[in-house]
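A look at the structure
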Amino acid sequence: MRKRLFAILMLCCTIVALVTAFSAALLYYSFYSSAAKAEIRTNTALMAAAINGQSDILTQTGNYARLLPANFRVSLVESDGKVLYDTDASIETLENHAHRAEIVSAMDVGSGEAVRFSDSIRKEAYYYAVRLSDGSVLRLSVPLNSLASVFLHTIPYLLLLVLILLFVSLGVSRWLTRRVVEPINSTAMRLEELLKGDAIPAEAEYEELSPFVRKIKALHQEIKEYVQTLQANQETINTLIQNMQEGLILLDGSNRILNISKSAVSLLAANPRVQYTGKNLLELLRSQPLLDSIRETDETHRGTSFMEKRDGRYYRYFISPAKSSGVFIFITDATSEVKAETIRREFASNVSHELKTPLTAITGFTELMENGMVSGNDLKSAATIIHREASRLITLIDDILRLSQIENATGTKEFTPVPLKAVTEEAAESLRPAAESRQITLSTFFEEDSITVPGNRTMLYELIYNLLDNAIKYNVDKGSVSISVRREEDSIAIRVADTGIGIPHDHLDRIFERFYRVDKSRSKATGGTGLGLSIVKHAVEYHGGRLSVNSTEGIGTEITVLLPSDLPGASEPI
Amino acid sequence: MRNKFDVELEALNTDLIEMGSMIETAIASSITALIQRDLHSAERAIEYDNEIDEMERRIERRCLKLLLQQQPVATDLRTISTALKIITDMERIGDQAADISEIVTRLAGEKDLLEIKNLKKMAEATIKMVNQSIDAFVAKDPVLSNEVIAYDDVVDDLFNQSKTELIHAIQTDSRYGEQFVDLLMIAKYFERIGDHAVNIAEWVVFSITGQHKNQKIL
């Protein structure tokens, strides 16, 4: 705007200056030329008056002619046109002037003038002629170019003037431009301040700007409110994203991360100090299946999902297309899910295997008997085997049933005070024959005889029975098993220690899994089902207790069960 | 406003990481193929080799174009020359992963003799090196790069142990001599992959410091 304004002002000044100079020159020229013509006329009249009637007209003409400026040409023409006198040319060479316009006019009406190209001086000239009393004609002339040259002399001054004017107008234009633009600028500069205030628009230097300021102010307010709403929304979304357990990543069309939740960074074990927003997904996570899935989602606009194992953990990715371009990636840690699935699958295959083994023996022997291939003494031993395998099967099914009973024990937990001494002695009593057959000493210790724990009697019996059973089974001959019941702070501690074979360190984590056996061949011999410790574990969990194992291979195992001495939920009805 | 050059450099970086990701997947597949005798994984590793080659050419073109059109200097020049060097090593790793997979394919159906503990350890060690070298590239981390460079000794030791173990195995049971030789080759491939990972790490250091193997070159 400033430039344009300046250009316009300059253009105006230039045009004005030029037009002025040009018209001044024209006027000046016309004044000057008419003044010059008048001068000729006056001089001619004066000279004519002076020489009129003089006897020696020719000499007088010569005398007067000398007094006139040098560029004046003076001629005296006789009434027949013959030139008597001429200042510039010799009279002999001059032709008859009788037909010259000014002479003819002078002869007729007393005076005459003409502008014509003069052959004698070869220039454009102005002629003025007056008839004298004797009938001859006095003529004065001046070459017009001398007029023009006088005029030409003034042109440089005019131009100089124009230049000076332009120079002055340059400064003036600049100043004017600034004057005009300055208030607009200052209004713009003060806009922020104006917007803050309430009734400021009046302060704008041009009142024409006030509507603008007012409009801007209104828009400003609108935008501010809009931004606030957006920010609030953004904050809500961010809070949601940052607080979710699952990882969420939002990508644009070129796999650049637009938003990423903290949980995604920690789930993927990425560097939490790196700001991943704005970076390429690959800098966070290099996974070809993920890239492939993103490509697929991009192309088909349909969500995809897959599972990937990274550094021993399983991740499930859900990729869904965003509205315009880009995708959402939703990440969950599926490790525990996968593990649970594996355990379930193992359990299914284990249980069928465990059930099948005795059944194979039973069907085998019954088939032999059916075909009459067993007789006499063999019959007895076959029956013994069938009986033993069938009992094994029953034990197994009992165990499974008990386990599932404990596992599925939902609903109201009906806890009654269980006298631990009685329960323990009952279990010990039923296991004593087994212990004695291998010369294992079974000892019990009770801190108090009347010690009770709130719980389910059957389950607690199972718990103690299984612990003792294991301690005897996996013991050495002539070993010892001791069980103690003590009160420890607000729990009851049941400790079963044996002098058995112990449990290798790397198996400790898994001994409570169903059907898990440290040494598979040995278990067959001892007749275990692999469910004992599983039952113990579930019974302890049912009572809200804790279980710990301390074992040294070849020396023995000590299992401690801590049961809460008063029910966690005793005060409140369950 | 980012200029075109910056955009191009970023695309180059992304391409390199993707190529890194490809070789990681390729080598992981070939190791799965080796340890689990999974022919499907072997096939995948071989397929990846083509994609990796294609990616190498693409990055190469990108680098040359940038060198020609932008005449980069200082850090940018280092970045681009690093890219040009790294892709060669990455491509070799891809090749070797494919080679391992080919041997595994050939071994399919034969008696599984893979009880060479050190070979499994080597597989784990090499994939760790490759992962870390790519990590170092992504994070532009000289410390991690130096860890990779130092870790090469572990892989070299494991190679020597595997070799001894395999020689011993051949001596005790020469019937499976051919398979043991194949396994020895796999061990050598792992050792070479380790070396390539070291190269990558060294070039990462160069791209950050301008020094390659402690020598100032740019």
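Per chain, residue numbering runs from 1 following the sequence as it is written. Going through the entries in the order they are written, you letter the chains from A and number the ligands from 1. Confidence filtering applies because this is a predicted model: local features only for residues at pLDDT of at least 70, side-chain atom pairs given and counted only at 80 or more, and all residues used for totals across whole chains, interfaces and linings. Side-chain numbers come from the whole structure's heavy atoms, not from hydrogens or water.

- The name an unreviewed UniProt entry assigns to chain B is Phosphate-specific transport system accessory protein PhoU, from the organism Papillibacter cinnamivorans DSM 12816.
- UniProt positions are given in the numbering used here, feature names are shortened, and annotations may be inferred rather than shown by experiment. Its UniProt record gives chain B a comment under Subunit (unreviewed entry), which states: "Homodimer."
- Turning to chain B, the UniProt record has this under Function (unreviewed entry): "Plays a role in the regulation of phosphate uptake."

- As named in an unreviewed UniProt entry, chain A is histidine kinase, taken from Papillibacter cinnamivorans DSM 12816.
- Checking UniProt for chain A, the heading Catalytic activity (unreviewed entry) contains the comment "ATP + protein L-histidine = ADP + protein N-phospho-L-histidine."
- The UniProt entry for chain A carries this comment under Subcellular location (unreviewed entry): "Membrane".

1. Some words on the overall build of chain A
- Secondary structure assignment for chain A yields 15 helices and 17 strands.
- Any residue under 20% of the maximum accessible area for its type is buried, any over 50% is exposed, and the rest in between are partly exposed; the area is computed with a 1.4 Å probe on protein chains only. Taking all 574 residues of chain A together, the buried fraction comes to 39%.
- Nonlocal contacts in chain A, meaning residues at least 24 apart in sequence, comprise 55% of its contacts between residues at least 6 apart.
- Surface accessibility in these figures is a Shrake-Rupley result with a 1.4 Å probe; residues are shielded only by whichever protein chains are displayed. Total accessible area on chain A stands at roughly 33200 Å², and carbon and sulfur atoms take up 57% of it. We count a stretch as a helix when DSSP gives it H or I for four or more residues in a row; a strand needs E for two or more, and each element gets its number in order from the N terminus. Contacts between residues were defined by any pair of non-hydrogen atoms, one from each residue, lying within 4.5 Å.

2. What to know about the interface of chain B and chain A
- Taken together, the contacts link 15 residues of chain B with 10 residues of chain A.
- When the two sides are added together, the surface that chain B and chain A hide from each other amounts to roughly 1000 Å², 42% of it contributed by carbon and sulfur.
- Each reported salt bridge corresponds to a side-chain nitrogen of Lys or Arg within 4 Å of a carboxyl oxygen of Asp or Glu. Connecting chain B to chain A are 4 salt bridges.
- Taking the shortest distance from any N to any O, the salt bridge between Arg 286 of chain A and Asp 135 of chain B comes out at 2.9 Å.
- Any pair of N or O atoms that falls within 3.5 Å is considered a polar contact. Within protein, one atom must be able to donate a hydrogen and the other to accept it, and sequence-neighbouring residues count only if both atoms are side-chain atoms. If you look at where chain B meets chain A, you find 7 residue pairs in polar contact (both at pLDDT 80 or more).
- Only helix H1 (4–36) and helix H4 (117–139) of chain B provide two or more residues apiece to the side of chain B that touches chain A.
- In terms of residue count, H1 of chain B provides more of the side of chain B that touches chain A than any other element does, 9 residues in total. The buried area of a pairing is the accessible area, by a 1.4 Å probe, that goes missing from both parts when the two are put together, added over both.

3. Some points on the confidence of the model for chain A
Residues and elements named next belong to chain A.
- The predictor's confidence in any single residue is recorded as pLDDT, a number from 0 to 100. Mean pLDDT over chain A: 83, with 94% of residues reaching 70 or higher.
- Mean pLDDT across the secondary structure elements of chain A bottoms out at helix H14 (residues 520–526), with 59, and peaks at strand E9 (residues 313–321), with 90.
- pLDDT under 50 marks residues 569–574. Its contacts with residues more than four places away, or in other chains, come to 3 contacts.

4. Describing the sheet that holds strand E7 (residues 257–260) of chain A
Residues and elements named next belong to chain A.
- DSSP bridges decide pairing: two strands pair if at least two such bridges lie between them. Pairing within the open sheet is antiparallel, and its 5 strands lie in the order E7-E6-E10-E9-E8. Every other strand in the sheet has two partners, leaving E7 and strand E8 (304–310) as the edge strands with one partner each. Adjacent strand axes in the sheet meet at a mean angle of 20° when their direction is disregarded.
- Relative to strand E10 (residues 327–333), strand E6 (residues 247–251) runs antiparallel, the two sharing 5 bridges. Directly across from Leu 250, in E10, lies its bridge partner Phe 328.
- Every axis corresponds to a line fitted to the C-alpha atoms, with the helix fit spanning only the stretch in contact, and the corresponding angles, defined between N-to-C directions, vary from 0 to 180 degrees. Most of the contacts of helix H6 (residues 210–243) go to E7, to which it runs at about 70°, and overall it touches E6 and E7.
- In this fold helix H10 (residues 335–370) packs onto E8, E9 and E10, with an angle of close to 120° to the strand it touches most, E9.

5. A look at the state of the cysteines
Residue and element names in this part refer to chain A.
- Cysteine sulfur atoms are paired as a disulfide whenever they come within 2.5 Å of each other. Applying the stated criterion across every chain yields a total of 0 disulfides over all chains.
- Cys 13 provides the cysteine sulfur closest to Cys 12, a residue in no disulfide bond, and the two sulfurs are 6.8 Å apart.
- Of the residues examined, Cys 12 reaches a relative accessible area of 42% and is grouped as partly exposed.

6. Points about the packing of aromatic side chains
All names here are of chain B.
- Centres within 6.5 Å are what make two rings of Phe, Tyr or Trp a pair, Trp counting through its six-membered ring; a difference in plane orientation under 30 degrees is then read as stacked, over 60 as edge-to-face, and the rest as tilted. All told, the structure shown has 6 aromatic pairs over all chains when counted by the stated rule.
- Plain terms: the ring middles of Trp 203 and Phe 206 are 5.2 Å apart, the flat faces sit at 85° to each other, and that makes the pair edge-to-face. Residue Trp 203 and its partner Phe 206 are both found in helix H6 (residues 177–209); the two are separated by 3 residues, about one turn of the helix.
- Judged by its relative accessible area of 12%, Trp 203 is buried.
- Taking the relative accessible area as the measure of exposure, Phe 206 reaches 1% and is therefore buried.
- Taking NZ or CZ as reference, Lys 140 lies 3.9 Å from the ring centre of Phe 137, over its face. Charge-over-ring contacts are defined here by two conditions on Lys NZ or Arg CZ: a distance within 6 Å of the ring centre and an angle within 35 degrees of the ring normal.

7. Notes on the sheet that holds strand E1 (residues 73–77) of chain A
Residue and element names in this part refer to chain A.
- Spatial ordering of the open sheet is given by E2-E1-E5-E4-E3, a layout of 5 strands whose pairing is antiparallel. The open sheet terminates on both sides in strands that have one partner only, identified here as strand E2 (83–86) and strand E3 (111–118). Neighbour-to-neighbour, the strand axes of this sheet turn through a mean angle of 20°, independent of strand direction.
- In this structure, E1 lies alongside E2, joined through 3 bridges in antiparallel fashion. Along E2, the bridge assignment pairs Val 77 with Val 83.
- Together, E1, E3, strand E4 (123–131) and strand E5 (137–143) form the strand contacts of helix H1 (residues 2–51), whose direction differs from that of E5 by roughly 150°.
- Against the sheet, helix H3 (residues 101–109) contacts E1, E3, E4 and E5, and its axis sits at roughly 170° relative to E3.

8. Describing the pattern of salt bridges
- Counting across every chain of the model gives 32 salt bridges over all chains.
- Asp 477 of chain A is paired through a salt bridge with Arg 438 of chain A; the nearest N and O atoms lie 2.9 Å apart. With Asp 477 of chain A in the loop between helix H13 (457–473) and strand E14 (480–488) and Arg 438 of chain A in the loop between helix H12 (420–437) and strand E12 (441–446), this pair connects stretches of sequence that are 39 residues apart.
- Look at Asp 477 of chain A and you get exposed, because its relative accessible area is 53%.
- Its relative accessible area of 22% is what places Arg 438 of chain A among the partly exposed residues.
- Of the charged contacts in the structure, one is a salt bridge between Glu 488 of chain A and Arg 495 of chain A, with a shortest N-O distance of 3.1 Å.
- Since its relative accessible area comes to 21%, Arg 495 of chain A is described here as partly exposed.
- Linked by salt bridges that have partners in common, Glu 8, Asp 15, Arg 58 and Arg 62 of chain B make up one network.

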